[in-house]
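Examining the three-dimensional arrangement
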Amino acid sequence: MFRSQRVLWITLLLALVLVSVRSQLILSDDEAGGRSFQRGDGYSDINTLSAVRYFYEHGLWASKLRPMHNYDPEQGKIQATPYLHYPALPDVLHGIVARLIGSTDQRHLRWFPLTLSFCGAVALWFFLRQQMRHYWGESANSQWAGLSSLEFADRTAALSWLILVSSNYFIAWADGLHKHPYEELSKWLYFAGLLTHYQRLQSSASGESSGRGLWRIAGLAVLAFFTGHASFEPIVFLAVVTVGLSMIFERGWRRVFAPLNFVLGAAFVVSFASHLYLNALLLGGWSLALTDLHEALSVRTGDVNLLKLPWVALERIERYFHITGFALVFLGIFMFRDVNTTSSASPKLREFKKLIYVLLAASVSWYVVMKQHAAVHHFVGKQSGLLVGWIVGPAILLYAARVQSDWRQGRVWLRVFHALFILYMTAMALTQQILVMCWEFGFRRLL
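Residues numbered from 1 in each chain as written. Predicted model: local features only at pLDDT ≥ 70, side-chain atom pairs only at ≥ 80, totals over all residues. Heavy atoms only, no water.

1. Looking at unusual backbone geometry
Unlike most non-glycine residues, Asp41 shows phi in positive territory, near 55°. You will see that Asn70, though not glycine, has its phi angle at about 60°, which is positive. A relative accessible area of 47% means that Asn70 is categorised as partly exposed. (Buried < 20%, exposed > 50% of the residue type's maximum accessible area, 1.4 Å probe, protein only.)

Here it is, written out as structure tokens:
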């Protein structure tokens, strides 16, 4: 089905064309909702553009690398105010790009994150294919869904990748000026790097020198430092990933205190401390910086009905992926039932299941730690991206095999259930993703 990979690259090309159309025709202040909290967060992009204009005219150090909001001399807004609650690396990066290209026009600036997103999408395909082959390509069960193990692995990778790249998760955010594209790129890179590190250590046949392992750790620490300067949300997410992977590969919860975790944790702490230090430089002292931080935390961790958050998290998935949260739960149940029959004889599939638990915990971590922020900001739903990408491919293929099997049995109630379930998934993908993103807030703007 995906042997030539032609379908993958055509899909990526169409997605990039669509994002390019949006980047030029649907701007941050789009009144029709083309850059709403669900479709690109234009509000935050407007603030980033303000910071870029300030950096462009006054330099980066005038505000100690802190973004300045409400700054637009052409509109007579020159009394800029610093925004210190969130890290400023995306603002700084776009400020540097603006100086390099000699323009603060958002249509020009968007090519920078779009290029990074394109490179990230290509790298994501190779990572998913490698991992699906690692976990499914050498399964003790030589046949999955009527396919050889290797063919099944390649198809799962292709399905997961296609769903991620062709959905709102990528299309509406790939050209974002604020933190969003950097969040997802850093999370995937960190997860890929740390997982690969443990897998290389686990393989006795790798013959790898210890020096390469140290270089990977150093690279992850650098990535952790810069991630902390791009956004706080990935810090919580990746902390769960770091602890979870150590428990899986280091064989026990006591290995949470392994040296690697301390090194990576220190990188995140230093990143956060340096952010506070820059705030203190601008405000004039540590006490003022800590007061500002306390005020922000008191708001972001405010009272929210925690019982509603699981429903909110599930409901949001349908706005960012072709598969809804509720469909993902059912597909996951079917997948686990099939995998359980084989995982007892396959250590790799047991490991795959454990990684699902880690990514699930990471996906909901921000809802627990910053419940008010998570409840208010719809785009937190993108936190499920790694979880969806990890399981949706094998889940769909195994479900398709189950549908074929149940259909041959001729039971009417099974046929009705599958027909309604597939109709539900198709209808939601059309109404929540394809018609909205590809047409209403996409190619229709060309007319």
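Next, the rest of the story.
2. Some thoughts on the side chain of Gln433
Tracing the chain through its elements places Gln433 in helix H18 (residues 412-440). Only 2.8 Å separates the side chain of Gln433 from the backbone nitrogen of Asn168, close enough to count as a polar contact. Only 3.4 Å separates the side chain of Gln433 from the backbone oxygen of Phe321, close enough to count as a polar contact. (Helix = DSSP H or I, 4+ residues; strand = E, 2+ residues; numbered from the N terminus. Polar contact = N/O pair within 3.5 Å; in protein donor to acceptor, adjacent residues only side chain to side chain.)

3. Remarks on the side chain of Ser186
Relative to the helices and strands, Ser186 is located in helix H8 (residues 180-202). Ser186 sits in the buried class, given a relative accessible area of 7%. A distance of 2.9 Å separates a polar atom in the side chain of Ser186 from the backbone oxygen of Tyr182. Beyond its immediate chain neighbours, meaning those up to four positions away, Ser186 contacts Leu223, Thr227, Pro234 and Leu238. (Contact = heavy atoms within 4.5 Å.)

4. Notes on the packing of helix H13 (residues 309-320) against H18
Axis angle and axis distance: for two packed helices, these are the angle between their axes and the distance between the axes, and together they describe the pair. Direction vectors running N to C along H13 and H18 enclose 70°, while the axes themselves pass 7 Å from each other. Taken as axis vectors, H13 and H18 run roughly perpendicular relative to one another. Contact with H13, carried on its side by Glu318, Arg319 and Tyr320, involves Met428, Gln432 and Gln433 of H18 and no other residues of that element. Of the residues belonging to the contact of H13 with H18, the class tally is 2 nonpolar, 2 polar and 2 charged. (Axes fitted to C-alpha atoms, helices over the stretch in contact; angles between N-to-C directions. Parallel < 35°, antiparallel > 145°, perpendicular 65-115°, else oblique. Nonpolar A, V, L, I, M, F, W, Y, C, P; charged D, E, K, R; others polar.)

5. Observations regarding the pattern of salt bridges
Evaluation of the coordinates by the stated rule reveals 15 salt bridges. Arg110 is the salt-bridge partner of Asp45, the closest N and O atoms lying 3.1 Å from each other. Pair noted here: Asp45 is in helix H2 (residues 42-58) and Arg110 is in the loop between helix H4 (106-109) and helix H5 (111-136), with a separation of 65 residues, a long-range link. Take Asp45 and Arg110: they sit in the same class, and that class is buried. In this structure, Glu151 engages Arg155 in a salt bridge whose closest nitrogen and oxygen atoms are separated by 3.0 Å. Note that Glu151 and Arg155 are positioned in helix H6 (residues 149-165) at a spacing of 4 residues, about one turn of the helix. One salt-bridge network, held together by shared partners, links Lys179, Glu183, Glu184, Lys187, Glu233 and Lys382. (Salt bridge = Lys/Arg side-chain N within 4 Å of Asp/Glu carboxyl O.)

6. So, the environment of Ser203
With respect to the helices, strands and loops of the structure, Ser203 is situated in the loop between H8 and helix H9 (210-230). For Ser203, a relative accessible area of 34% puts it in the partly exposed group.

Nothing here speaks to function; it is all geometry.
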